[in-house]
Amino acid sequence: MPNLAKLRYASPRSSSLADDLRRAAHDHLQACSDHRFADAQFIAKGTFLVVVSALLYGAMVTATNATAFVLAYMAFPFIAMLLAMNVLHDGAHRALSPWPWLDRLMTRVTAIPLGIEPAYWTVRHVHYHHAHANVEHYDLDTAANRFLRQTPFQPWYPQFRYQHRYWPLIAALSLPYINWIYDWSDRLGLTPLAADRVLPGLRGWATFLSAKALHLLIAVAVPAWVAHRLGLGWGWVALGYFAGQMLASCVLVALILGTHWADVTFYLPPESGQLPHTWHEHAFHTACDWQPQPAWIGYWLGGLNWHLTHHLFPTYSHRHYPALAARVAEVARAHGLDYRALTYRELLTAQQTFLRGMGQHPN
């Protein structure tokens, strides 16, 4: 298990980068007399997604035929994923409101339709991935496995020759895998999160099991009742549940999968535990931004396309990222750093190049 206390970055005092980025963000907020949290427009977007989710769920419950039932059943988790991308993600980073309890509540509520345990996902995402992106053994998002080879330091298996072709299937299975493998492995203390004591004791078990039970009630039991009313078998319920989760998962993962692969650097922790650069410099070495076409698509992605900017300013609401990205580009030029904002086509090309390269047998 990774020893987070051992891995260290160079002191931020070794460079003015951290101060310059902090000043740029401060100047942005001052210029528009704003704060870093959600605003009325953000709340309106979240409310709209909640209403659409409720309408789709209502359409599923009141369906009068199998086609309407399955289509509404599959569309519901897709909109719920958009809601999570906008609300749960910001809440996990304490970027929704000044009140920690409200951020925790919003992350827990928006996670229920998808079935993931937000407490575990938050620790994995914030304490491991964001703190140590692309560092072998420390970034759990790139942990070695039999499905994808994501770093040059990981074991090679013959199936990796084809990973540039089958990656959409892995992307589609990611959400169900988190629900039923990762979450339970974390709960049973079989992962590095055991050292973090997330949701400890009986109260933790009660919270975990209650959330899973509520998800099964909403996402399986009620649809099963509707299917029974329509004279449909369990196969239709399984089709709607897994197809909906896989669709939502594939779309999400396809949008972010290349942001830490596109001409970036991977690091093997040195024996001393001391990395040669600062944490902010590390973000430039391991991530990039990308720009969707048409640009309005980015509005619904919860800022995930501004991925480098998000890593630099994780506690800022994603509504600030377009303006912050422009300031990041200026600071990067002043420090001789490579700020990259790719098109999605360029991101996919870089993703395929990376997967093909990692899939080759290492010499």
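Residues numbered from 1 in each chain as written. Predicted model: local features only at pLDDT ≥ 70, side-chain atom pairs only at ≥ 80, totals over all residues. Heavy atoms only, no water.

### Some words on the overall build of the chain
Under the convention used in this document: Comment: elements are numbered from the N terminus, with helices defined as DSSP H or I runs of at least four residues and strands as E runs of at least two. Each radius of gyration reported is based on C-alpha atoms, and the globular scaling rule is 2.2 Å times the count of residues to the power 0.38. In this scheme, a residue with accessible area under 20% of its type's maximum is buried, one over 50% is exposed, and one in between is partly exposed, where area comes from a 1.4 Å probe on protein chains only. Every residue pair with non-hydrogen atoms within 4.5 Å of one another is taken to be in contact. We get accessible surface area from the Shrake-Rupley algorithm with a probe of 1.4 Å; when it comes to residues, only the shown protein chains can shield them. Residues scored as positive are Lys and Arg, those scored as negative are Asp and Glu, and His as well as the terminal groups of each chain are ignored. Lys charges are placed at NZ, Arg charges at CZ, Asp charges at CG and Glu charges at CD.
Each helix and strand counted, the chain has 13 helices and 2 strands in total. In terms of overall size, the chain behaves like a compact globule, its C-alpha atoms giving a radius of gyration of 21 Å where 363 residues would be expected to give roughly 21 Å. In terms of overall dimensions, the chain has C-alpha extents of about 65 × 55 × 45 Å along its principal axes. Here the chain holds 363 residues, and the buried ones make up 51% of them. Taking as baseline every contact in the chain between residues at least 6 positions apart, the subset at least 24 positions apart corresponds to 74%. Surface exposure of the chain reaches about 17100 Å², of which carbon and sulfur atoms provide 65%. The centroid of the 26 positive side-chain charges in the chain is displaced by 6 Å from the centroid of its 21 negative side-chain charges.

### What about the UniProt feature "transmembrane region" (unreviewed entry) in the chain?
Short version of the rule: UniProt positions are given in the numbering used here, feature names are shortened, and annotations may be inferred rather than shown by experiment.
As annotated by UniProt and renumbered to match this structure, "transmembrane region" (unreviewed entry) occupies residues 42-60, 66-88, 202-226 and 238-262. Between the first and last C-alpha atoms of residues 42-60 the distance is 27 Å; the span itself is 100% helix and 0% strand. Overall, residues 202-226 shows 100% helix and 0% strand. The separation of its end C-alpha atoms is 34 Å.

### Focus on the packing of aromatic side chains
Here a ring pair, both rings aromatic, is described through the centre-centre distance and the interplanar angle of the planes. Formally: Only Phe, Tyr and Trp rings take part, Trp by its six-membered ring, and two of them pair if their centres are within 6.5 Å. Stacked means planes under 30 degrees apart, edge-to-face means over 60, and tilted covers everything else. Here, a charge over a ring means that NZ of Lys or CZ of Arg falls within 6 Å of the ring centre while also lying within 35 degrees of the ring normal.
Overall, the coordinates contain 16 aromatic pairs when judged by the stated rule. Here Phe 147 and Tyr 177 contribute two aromatic rings whose centre-to-centre distance is 6.1 Å and whose plane-to-plane angle is 80°, an arrangement assigned as edge-to-face. With Phe 147 in the loop between α5 (118-130) and α6 (163-187) and Tyr 177 in helix α6, this pair connects stretches of sequence that are 30 residues apart. Judged by its relative accessible area of 34%, Tyr 177 is partly exposed. With centroids separated by 6.2 Å and ring planes inclined at 90°, the aromatic side chains of Trp 205 and Phe 208 adopt a geometry described as edge-to-face. You can see Trp 205 and its partner Phe 208 sitting in helix α7 (residues 201-229), 3 residues apart, about one turn around the helix. Ring pairs connect the aromatic residues Tyr 120, Trp 184, Trp 205 and Phe 208, which therefore count as one cluster. The lysine or arginine in question, Arg 187, covers the ring of Trp 205, its NZ or CZ lying 4.5 Å from the ring centre.

### Comments concerning the layout of surface pockets
Condition: Of the grid points, spaced at 1 Å and generated over the protein atoms alone, those admitting a 1.4 Å probe that cannot get out make up cavities, while open sets with protein on both sides within 12 Å along at least five of seven lines make up pockets; any residue with an atom within 4 Å of a point is treated as lining. Grid points are joined across faces, edges and corners, and a volume is the space filled by probe spheres set on the points. Under the scheme applied, nonpolar residues are Ala, Val, Leu, Ile, Met, Phe, Trp, Tyr, Cys and Pro; charged residues are Asp, Glu, Lys and Arg; polar residues are all the others, including Gly.
Counted as a void, the second largest pocket has a volume near 550 Å³. For the second largest pocket, the lining is made up of 27 residues, of which Val 50, Leu 83, Val 87, Met 106 and Thr 110 are closest to its centre. Put simply, the parts of the chain that give the lining of the second largest pocket at least two residues each are α2 (40-61), α3 (66-92), α4 (100-111) and α7. Across the lining of the second largest pocket, the residue classes break down as 21 nonpolar, 5 polar and 1 charged.

### With respect to empty space enclosed by the protein
Scanning the model with the defined rule gives 2 cavities of 30 Å³ or more in all. Roughly 60 Å³ of internal volume is contained in the largest cavity. Residue lining of the largest cavity: Tyr 73, Phe 76, Pro 77, Pro 113, His 215, Ala 219, Gly 240, Tyr 241 and Gln 245, and that is the complete set. For the lining of the largest cavity, a count of residues per class yields 6 nonpolar, 3 polar and no charged. Each pocket or cavity is described by its volume, and for the second largest cavity that value is around 40 Å³. As for the second largest cavity, its lining consists of His 130, Ala 131, Ala 133, Trp 279, His 282, Ala 283, Thr 286 and His 311. Per element, the largest residue contribution to the lining of the second largest cavity is 4 residues, and it comes from helix α9 (residues 279-286).

### Points about the UniProt feature "domain: Fatty acid desaturase" (unreviewed entry) in the chain
According to UniProt, the "domain: Fatty acid desaturase" (unreviewed entry) feature falls on residues 69-341. Split by type, residues 69-341 is 58% helix and 1% strand. Its first and last C-alpha atoms lie 41 Å apart.

### Focus: the pattern of salt bridges
Applicable threshold: Criterion for a salt bridge: a side-chain nitrogen of Lys or Arg within 4 Å of a carboxyl oxygen of Asp or Glu.
As enumerated under the stated definition, the model contains 9 salt bridges in all. The salt bridge partner of Lys 212 is Asp 183, with a shortest N-O separation of 2.8 Å. Residue Lys 212 is located in helix α7, and its partner Asp 183 is located in helix α6; the two are separated by 29 residues in the primary sequence. Across the pair, Asp 183 and Lys 212 agree in class, each one buried. A single network of salt bridges, built from pairs that share partners, joins Asp 34, Asp 39 and Arg 319.

### As for the packing of helix α1 (residues 17-31) against helix α12 (residues 321-334)
The test is simple: Only the stretch in contact is used when fitting a helix axis, every axis being a line fitted to C-alpha atoms; angles between N-to-C directions are given from 0 to 180 degrees. Should the near helix be turned counterclockwise from the far one by less than a right angle, the crossing is left-handed, whereas a clockwise turn marks it as right-handed.
Packing of α1 against α12 brings their axes to within 10 Å, and their N-to-C directions diverge by 145°. For the pair α1 and α12, the crossing hand works out as right-handed. Across the interface between the two elements, Leu 17, Asp 20, Leu 21, Ala 24, Ala 25, Asp 27, His 28 and Ala 31 from α1 touch Ala 323, Leu 324, Arg 327, Val 328 and Val 331 from α12. Grouping the amino acids of the contact of α1 with α12 by side-chain chemistry returns 9 nonpolar, 1 polar and 3 charged.

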